[in-house]
Amino acid sequence: MNTIIEPFRIKVTEPIHIISAEERAQKLKQAHWNVFLLDAEDCAIDLLTDSGTGAMSTHQWAAMMMGDESYAGSRSWKRFRDVVQDISGMPFVFPTHQGRAAEGILAECIVKSGMIVPNNSHFDTTRANLEYVGADARNMPCTESMDTAAQYPFKGNMDLNLLRETLEQHAAEIPFVMITVTNNTGGGQPVSMANIRSVRALCDEFEKPLVIDACRFAENAWFVKQREQGFADKSLTEIAQEMFAMADAATMSLKKDGLANIGGFLVCRNEEWADSFRNLLILREGFPTYGGLAGRDLEAIAVGLREALEEEYQRYRHATVQYFAKQLDAAGIPYMSPAGGHAIFLDAKKFLPHIDSLQYPGISLVNALYLEGGIRAVELGSVMFGSFDKDGREIPSPLELVRLAFPRRVYTQSHFDYVLEVLKRVYDQRSTLQGYNITKQPPFLRHFTCEFEPV
Ligand SMILES: *Cc1c(COP(=O)(O)O)cnc(C)c1O
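Residues numbered from 1 in each chain as written. Predicted model: local features only at pLDDT ≥ 70, side-chain atom pairs only at ≥ 80, totals over all residues. Heavy atoms only, no water.

**Side note on the overall build of the protein chain**
Okay, so step 1: Counting secondary structure elements, the protein chain contains 17 helices and 16 strands.
Okay, so step 2: In terms of overall size, the protein chain behaves like a compact globule, its C-alpha atoms giving a radius of gyration of 21 Å where 455 residues would be expected to give roughly 23 Å.
Okay, so step 3: For the protein chain, the C-alpha atoms occupy an extent of roughly 60 × 55 × 45 Å along the three principal directions.
Okay, so step 4: Burial status across the protein chain gives 57% buried among its 455 residues.
Okay, so step 5: Once local pairs closer than 6 in sequence are excluded, the contacts in the protein chain between residues at least 24 apart make up 72%. (Helix = DSSP H or I, 4+ residues; strand = E, 2+ residues; numbered from the N terminus. Rg over C-alpha atoms; globule rule 2.2 N^0.38 Å. Buried < 20%, exposed > 50% of the residue type's maximum accessible area, 1.4 Å probe, protein only. Contact = heavy atoms within 4.5 Å.)

**With respect to the packing of helix H8 (residues 217–227) against helix H12 (residues 311–331)**
Okay, so step 1: At a minimum axis separation of 10 Å, H8 and H12 run at an interaxial angle of 85 degrees. Comparing the axis directions of H8 and H12 gives the class roughly perpendicular. Along the contact surface, H8 presents Ala-218, Glu-219, Trp-222, Phe-223 and Lys-225, while H12 presents Glu-311, Gln-314, Arg-315, Arg-317 and His-318.
Okay, so step 2: Across the contact of H8 with H12, the residue classes break down as three nonpolar, two polar and five charged. (Axes fitted to C-alpha atoms, helices over the stretch in contact; angles between N-to-C directions. Parallel < 35°, antiparallel > 145°, perpendicular 65-115°, else oblique. Nonpolar A, V, L, I, M, F, W, Y, C, P; charged D, E, K, R; others polar.)

**Quick word on helix H11 (residues 295–308)**
Okay, so step 1: With 14 residues, H11 ought to run about 20 Å at 1.5 Å a step, and its terminal C-alpha atoms sit 20 Å apart, in line with that.
Okay, so step 2: Of all the 14 residues making up H11, eleven are buried; the element is thus mostly covered by neighbouring parts of the structure.
Okay, so step 3: Taken residue by residue, H11 has Gly-295, Asp-297, Leu-298, Glu-299, Ala-300, Ile-301, Ala-302, Gly-304, Leu-305, Glu-307 and Ala-308 as its buried positions.
Okay, so step 4: On its buried side, H11 packs onto helix H2 (58–65), helix H3 (75–88), strand E2 (92–96), H8, strand E7 (249–253) and H12. (Expected span 1.5 Å × (residues − 1).)

**Considering the domain arrangement of the protein chain**
Okay, so step 1: Here the protein chain is described as being made up of domain 1 (21–50 + 310–454) and domain 2 (58–308).
Okay, so step 2: On a C-alpha basis, the centres of domain 1 and domain 2 stand 26 Å from each other.
Okay, so step 3: Between domain 1 and domain 2, the contact holds 32 residues from the first and 38 residues from the second.
Okay, so step 4: Buried area between domain 1 and domain 2, summed over both chains or domains, comes out near 2,900 Å², and the portion from carbon and sulfur atoms is 55%.
Okay, so step 5: It is Gln-314, Met-336 and Pro-338 in domain 1 that bury the most area against domain 2; as a group they hold 18% of the surface buried on that side.
Okay, so step 6: At the surface where domain 1 touches domain 2, the tally comes to six salt bridges.
Okay, so step 7: A salt bridge links Glu-219 to Arg-408, with the nearest nitrogen and oxygen atoms 3.0 Å apart.
Okay, so step 8: Counting every contact that joins domain 1 to domain 2 gives 16 residue pairs in polar contact (both at pLDDT 80 or more). (Domains from an automatic or database assignment. Buried area = accessible area lost by both parts, 1.4 Å probe. Salt bridge = Lys/Arg side-chain N within 4 Å of Asp/Glu carboxyl O. Polar contact = N/O pair within 3.5 Å; in protein donor to acceptor, adjacent residues only side chain to side chain.)

**Notes on the sheet that holds strand E9 (residues 343–347)**
Okay, so step 1: Taken in spatial order, the three strands line up as E9-E14-E11 in an open sheet, and their pairing is antiparallel. A strand with exactly one partner marks an edge of an open sheet, and here the two such strands are E9 and strand E11 (378–380). Sheet twist, expressed as the average angle between the axes of neighbouring strands with direction ignored, equals 35 degrees.
Okay, so step 2: Two elements, E11 and strand E14 (residues 401–405), share three bridges in a ladder whose sense is antiparallel. Along E14, the bridge assignment pairs Val-378 with Arg-403.
Okay, so step 3: Where H12 meets the sheet, its contacts fall on E9 and E14, and the angle it forms with E9 comes to roughly 25 degrees. (Pairing = 2+ DSSP bridges.)

**Points about helix H16 (residues 413–428)**
Okay, so step 1: Counted at 1.5 Å a residue, the expected span for H16 with its 16 residues is 22 Å, and the 23 Å between its end C-alpha atoms agrees.
Okay, so step 2: Those residues of H16 that sit buried are Phe-416, Val-419, Leu-420, Val-422, Leu-423, Val-426 and Tyr-427. Projected onto a plane normal to the axis of H16, the buried residues spread over an arc of 165 degrees and lie on a single side. In H16, the exposed positions angled more than 90 degrees off the buried face are occupied by Ser-414 and Asp-428. (Arc of directions from axis to C-beta.)

**Observations regarding unusual backbone geometry**
Okay, so step 1: Residue Thr-182 follows Val-181 across a cis peptide bond; omega there is -20 degrees.
Okay, so step 2: Residue placement: Thr-182 occurs in the loop between strand E5 (177–180) and helix H7 (193–205).
Okay, so step 3: Following Ser-337, the chain continues to Pro-338 via a peptide bond in cis, the omega torsion being -5 degrees.
Okay, so step 4: The topology assignment puts Pro-338 in the loop between H12 and E9.
Okay, so step 5: Positive phi, close to 55 degrees, is recorded for His-32, a residue that is not glycine.

What follows is the structure, given as structure tokens:
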């Protein structure tokens with residue numbers, strides 16, 4: 001069959017409304033032209049993030065009723081721990097309320113001021129947690145990832161030459177190496193098993209631990225199965241296990257491939273690390289058998305992690321992204337190609353070549369999508385990833401992307417057809433779009449709360 005159907009039917013519905021264009025213009029102005037500050041109910045299709053926005057299955061809802069809310073040593077904890085241990089192969093498991101809590105504990109326990117942490121690309125919260133303890137979070141994506149049109153199967157890979165160079169020059173200052181699967185920042189792009197193996201070999205050579213940011217490990221496993229030689233006959237679980245086997249620790253947001261609405265974990269093999277994590281976990285999150293989560297969350301996650309590794313689910317998930325990408329190709333709309341696993345990343349630099357990077361073409365495109373059709377997307381460009389030099393001058397990000405993140409199991413094909421129609425309309429008017437200036441910003445993670453004004 002050519003038609004890949006959603007491998008589920010809908011049992012509970014949630015109404016959505018499209019408010020008028022006039023209302024949208026007014027709402028966006030009230031939100032200081034930052035879509036993070038809009039009310040969700042004013043967004044018709046919310047593609048802001050795939051984080052915690054997924055729909056749970058009947059099995060997950062049923063499991064939630066089995067939640068054991070005991071403070072210590074609950075049944076739900078044991079179910080969670082067993083699944084996480086089975087997939088990750090790591091003996092020490094710590095539940096956290098989100099991925100960033102796991103990152104914060106890792107950073108505070110292991111990383112000191114002045115240290116350097118290499119990664120294919122740090123996610124924004126990972127970077128913020130490392131910078132908060134005074135470390136330098138360095139991105140080392142492969143060169144192919146910088147060309148948004150290059151057809152390369154594993155654009156999430158790490159630049160091995162740059163990693164070697166950095167390890168040779170700064171071995172003493174590097175507490176561990178990280179690798180993010182899939183690489184969210186670089187376009188939701190997959191990382192090959194071969195690349196992870198090479199990173200592992202470099203870590204061995206320089207005696208450094210490897211930490212995996214595993215948020216989308218199941219989507220990555222699907223890409224490995226499809227695109228990398230030798231994996232076609234392996235199950236997604238086996239592929240995931242093979243990947244984790246190369247790491248010493250991992251952080252994860254279970255709001256992604258945990259198919260849950262909240263949750264995270266930190267896992268490791270080293271007992272010394274585990275002892276320090278446990279102490280801080282108790283201080284920040286809670287007792288080690290629940291972390292920052294309710295028993296019912298632990299249950300939903302234990303089921304969700306397994307469902308994320310079902311092939312039928314991944315086939316449908318990737319088919320949605322592929323369908324969208326094909327329509328963009330037909331319309332000539334520039335995006336990061338080939339598409340990644342959880343989102344489409346529009347290339348705002350190519351979409352709006354007349355807008356200067358420091359007038360934020362990504363913000364211009366995000367706002368146009370909201371004004372035209374009530375669609376909420378997010379900028380991954382100079383607002384999110386720009387930095388400042390010693391003299392306080394703003395340095396733009398090398399890429400100006402706009403992410404249309406696909407919540408898991410939430411929207412149907414007609415929702416995506418609507419998004420495509422809006423996108424085509426915005427593309428037709430692109431020469432009339434204008435840039436924005438920032439009028440107010442906080443020192444960290446500015447994209448969440450900063451305010452804009454049209455140029
Ligand atoms: C979402 C995400 C995080 C942070 O997780 P939260 O649950 O949002 O705190 C870290 N790394 C990557 C790659 C992510 O996508």
